[in-house]
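Take a look at the letters that make up each chain.
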Amino acid sequence: MRIDPKNFEGFNRVLTGVVVPRPIAFVSSVSADGIVNLAPFSFFNAMAYDPATIVLGISRSAGWKAKDTLANIEATGEFVVSVVVDDIAEAMNSTAAEFPADVDEFEIAGLTAKPSELVRAPLVAESPVNMECKLNQVVEIGDGTNHGIVIGEILLMHVRDDIINGHRINHRRLKPVGRLAGNMYCKTDDVYEMVRPQYDGRGD
Ligand SMILES: Cc1cc2nc3c(=O)[nH]c(=O)nc-3n(C[C@H](O)[C@H](O)[C@H](O)COP(=O)(O)O)c2cc1C
């Protein structure tokens, strides 16, 4: 089957079905008025480590309203990304409804907002990894009304002591959740090692 993205009804479901599994950023942000917000985003990845850079793909509209996360990040230039792990997967899902801007999703999810050190948006205390970020830039996609790609720099990372040894993260303890298409998710239980080859043909 050949698919032209511009002429394929429901292409979003095909794309999110083949680019899998995706990590999930649990993003906390604060509005200009100080209202705390929390929502998940799986158009998310790390892009570079110097400067430490992450990206989020956020639609401007959530149906009847603008997405609070993007509006807050644009208004304040700050946010926190927490890693979604098994223990908080259901709490994460509970924050994904299109709540009005004055709803604090930490309360909805029963999660604990812990003060950050460098930004106003709080950490998710129950997540083993939290990244305090500042906005680098929002790249508009399309005609500028649909999606923004948020490029953020990690200012400070908090990692729970029991999942890190030196620079090595213990994934069996971290238990990250992956997003597949729609309502499907996966765990990271079945891991294996593959050693990267060295190119040895320089001729010297
Ligand atoms: C696992 C998961 C991943 C999601 N990923 C994205 C995403 O990458 N981009 C996006 O615009 N919305 C995504 N959503 C939908 C938002 O979380 C949802 O629209 C939310 O209400 C936005 O909240 P806000 O208005 O407080 O920012 C995702 C939802 C779930 C459950």
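A short tour of the structure in this document, coming up.

Reading the values: rules and limits
Residues numbered from 1 in each chain as written. Predicted model: local features only at pLDDT ≥ 70, side-chain atom pairs only at ≥ 80, totals over all residues. Heavy atoms only, no water. Buried < 20%, exposed > 50% of the residue type's maximum accessible area, 1.4 Å probe, protein only. Helix = DSSP H or I, 4+ residues; strand = E, 2+ residues; numbered from the N terminus. Pairing = 2+ DSSP bridges. Near = heavy atom within 4 Å. Polar contact = N/O pair within 3.5 Å; in protein donor to acceptor, adjacent residues only side chain to side chain. Areas by Shrake-Rupley, 256 points an atom, 1.4 Å probe, with all protein chains shown as cover. Nonpolar A, V, L, I, M, F, W, Y, C, P; charged D, E, K, R; others polar. Contact = heavy atoms within 4.5 Å. Patch = residues over 30% accessible without salt bridge, like charges linked within 9 Å, V, L, I, M, F, W, Y side chains within 5 Å. Salt bridge = Lys/Arg side-chain N within 4 Å of Asp/Glu carboxyl O.

### A closer look at the pairing of strand S2 (residues 25-30)
Okay, so step 1: Counting buried positions along S2 yields 6 of 6 residues, so the element is predominantly enclosed.
Okay, so step 2: Relative to strand S3 (residues 36-41), S2 runs antiparallel, the two being bridged by 6 bridges. Note that in S3 the partner of serine 28 across the bridge is leucine 38.
Okay, so step 3: Where S2 hands over to S3, the hairpin turn is made up of 5 residues, of which glycine 34 adopts a positive phi near 90°.

### Focus on the site of the ligand
Okay, so step 1: In the vicinity of the ligand lie 21 residues, with Asn37, Pro40, Phe43, Lys67 and Thr69 positioned nearest.
Okay, so step 2: Measuring from a nitrogen atom of the ligand, one finds a backbone N or O atom of serine 42 at 2.8 Å.
Okay, so step 3: Contact distances for the ligand include 2.9 Å between an oxygen atom and a backbone N or O atom of serine 59.
Okay, so step 4: Its free accessible area being 640 Å², the ligand has 92% of it covered by the protein chains.
Okay, so step 5: Of all the secondary structure elements, the ones that give two or more residues to the shell around the ligand are S3, strand S5 (52-59), helix H2 (68-76) and helix H3 (89-94).
Okay, so step 6: With 4 residues, S3 is the largest single contributor of residues to the shell around the ligand.
Okay, so step 7: Split by residue class, the shell around the ligand holds 9 nonpolar, 6 polar and 6 charged.

### Focus on the side chain of serine 42
Okay, so step 1: Looking at the element boundaries, serine 42 is found in the loop between S3 and strand S4 (44-49).
Okay, so step 2: Accessibility expressed as a relative area gives 10% for serine 42, which makes it buried.
Okay, so step 3: Looking at serine 42, its side chain comes within polar contact range of the side chain of arginine 179, at 3.2 Å.
Okay, so step 4: If near-sequence neighbours (up to four positions away) are discounted, serine 42 is found in contact with Arg22, Pro23, Ile24 and Arg179.

### A closer look at a nonpolar patch on the surface
Okay, so step 1: Together, Leu15, Val18, Val19 and Phe43 make up an exposed nonpolar region whose accessible area comes to about 360 Å².
Okay, so step 2: Relative to the helices and strands, valine 19 resides in the loop between helix H1 (11-18) and strand S1 (22-23).
Okay, so step 3: Judged by relative accessible area, valine 19 falls into the partly exposed class, the value being 44%.

### Some points on the pairing of strand S9 (residues 129-141)
Okay, so step 1: Pairing analysis gives 5 bridges linking strand S6 (residues 78-83) to S9, with the strands arranged antiparallel. Note on S9: the bridge partner recorded for phenylalanine 79 is cysteine 133.
Okay, so step 2: With 12 bridges connecting them, S9 and strand S10 (residues 147-159) associate as antiparallel partners. In the sheet register, valine 129 faces S10, and the bridge partner there is valine 159.

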